[in-house]
Amino acid sequence: DAMVIQNPRYQVTQFGKPVTLSCSQTLNHNVMYWYQQKSSQAPKLLFHYYDKDFNNEADTPDNFQSRRPNTSFCFLDIRSPGLGDAAMYLCATSRGGREGGQFFGPGTRLTVL
Amino acid sequence: AQSVTQPDIHITVSEGASLELRCNYSYGATPYLFWYVQSPGQGLQLLLKYFSGDTLVQGIKGFEAEFKRSQSSFNLRKPSVHWSDAAEYFCAAINIYGNKLVFGAGTILRVKS
């Protein structure tokens, strides 16, 4: 089945220790998104790639970076995690355009100690 | 600015009862609207979408939604709720560029037996 896969599902890191979250897709979608979701809140868009074009949200902290080495994979790098970065991180994909909607992965729950 | 409002933070219904979750949008152009469901610790699953045509759209898991332009609403309904429907539900609209979902704050559904 075509899908969006996130690894790991649970990640524990220490304050200030860099961490990388992974997303892969078998949908062959052009667009890949990273969202941060804190408890009882809606997902907040951090950035997205349209093919190789990177689009950062204006309020995304510099601490958050992303890489998309190919169509299938996209990574979220948190350079120096703080306690406030503990959250669920969701990856999503879409074909681009308005009609299709976005398809979400299961998320990675990040804990910062 | 585009916005999506879900007026109810929590809703509790009895198993077997009917359900309606409210969603209002503020949008200058033709809205493209979505409903997603999120079970605890999981990603978002697309229930249904509307962008044109019949204003009553059918989705997965027995859900439907009706688009009412005069009321700027896109309410989600289900005739008979099952305990497994307990989750958080997000209404969302896509922006005019097709690259960003605007989410409502979400409604948490509790199902009592």
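About the cut-offs
Residues numbered from 1 in each chain as written. Chains lettered and ligands numbered in written order. Predicted model: local features only at pLDDT ≥ 70, side-chain atom pairs only at ≥ 80, totals over all residues. Heavy atoms only, no water. Phe/Tyr/Trp six-rings, centres within 6.5 Å; stacked < 30°, edge-to-face > 60°. Helix = DSSP H or I, 4+ residues; strand = E, 2+ residues; numbered from the N terminus. Buried < 20%, exposed > 50% of the residue type's maximum accessible area, 1.4 Å probe, protein only. Disulfide = S-S within 2.5 Å.

Participant: Just checking my understanding: could you explain the packing of aromatic side chains for this structure?
Facilitator: Each aromatic ring pair is described using two quantities: the centre-to-centre distance and the angle formed by the ring planes. The full count for this structure, using the stated rule, is 17 aromatic pairs over all chains. Geometrically, the ring pair formed by B:Tyr50 and B:Phe67 is stacked, given 4.4 Å between the ring centres and 20 degrees between the ring planes. In this pair, B:Tyr50 is assigned in strand S6 (residues 44–50) and B:Phe67 in strand S8 (residues 64–68), connecting sequence segments 17 residues apart. Assessed through its relative accessible area of 6%, B:Tyr50 is described here as buried. With centroids separated by 6.3 Å and ring planes inclined at 40 degrees, the aromatic side chains of B:Tyr50 and B:Phe74 adopt a geometry described as tilted. You can see B:Tyr50 sitting in strand S6 and its partner B:Phe74 sitting in strand S9 (residues 73–78), a full 24 residues away along the chain. Of the two residues, B:Tyr50 and B:Phe74, both sit in the buried class. Through successive ring pairs, a cluster of aromatic residues spans A:Tyr33, A:Tyr35, A:Phe104, B:Phe34, B:Tyr36, B:Phe90 and B:Phe103.

Participant: Can you help me understand the state of the cysteines in this one?
Facilitator: Simply put, the disulfide is a covalent bond whose two ends are the sulfur atoms of two cysteines. In total, this model carries 2 disulfides over all chains according to the counting rule given. Across a sulfur-sulfur distance of 1.9 Å, A:Cys23 and A:Cys91 are joined as a disulfide pair. When the S-S torsion is -70 degrees, as for the bridge of A:Cys23 with A:Cys91, the disulfide is left-handed. Taken as a pair, A:Cys23 in strand S3 (residues 19–25) and A:Cys91 in strand S9 (residues 87–94) lie far apart in primary sequence, 68 residues in all. Per residue, the accessibility class of A:Cys23 equals that of A:Cys91, and both read buried. Note on cysteine connectivity: B:Cys23 is disulfide-linked to B:Cys91, with sulfurs 2.0 Å apart. Residues B:Cys23 and B:Cys91 are joined by a disulfide whose S-S torsion is about -65 degrees; by sign, that bridge is left-handed. You can see B:Cys23 sitting in the loop between strand S3 (19–21) and strand S4 (24–26) and its partner B:Cys91 sitting in strand S10 (residues 87–94), a full 68 residues away along the chain. Here B:Cys91 falls in the buried class, since its relative accessible area comes to 0%. Just so you know, A:Cys74 is unpaired, no disulfide at all, and the nearest cysteine sulfur is the one on A:Cys91, 6.1 Å from it.

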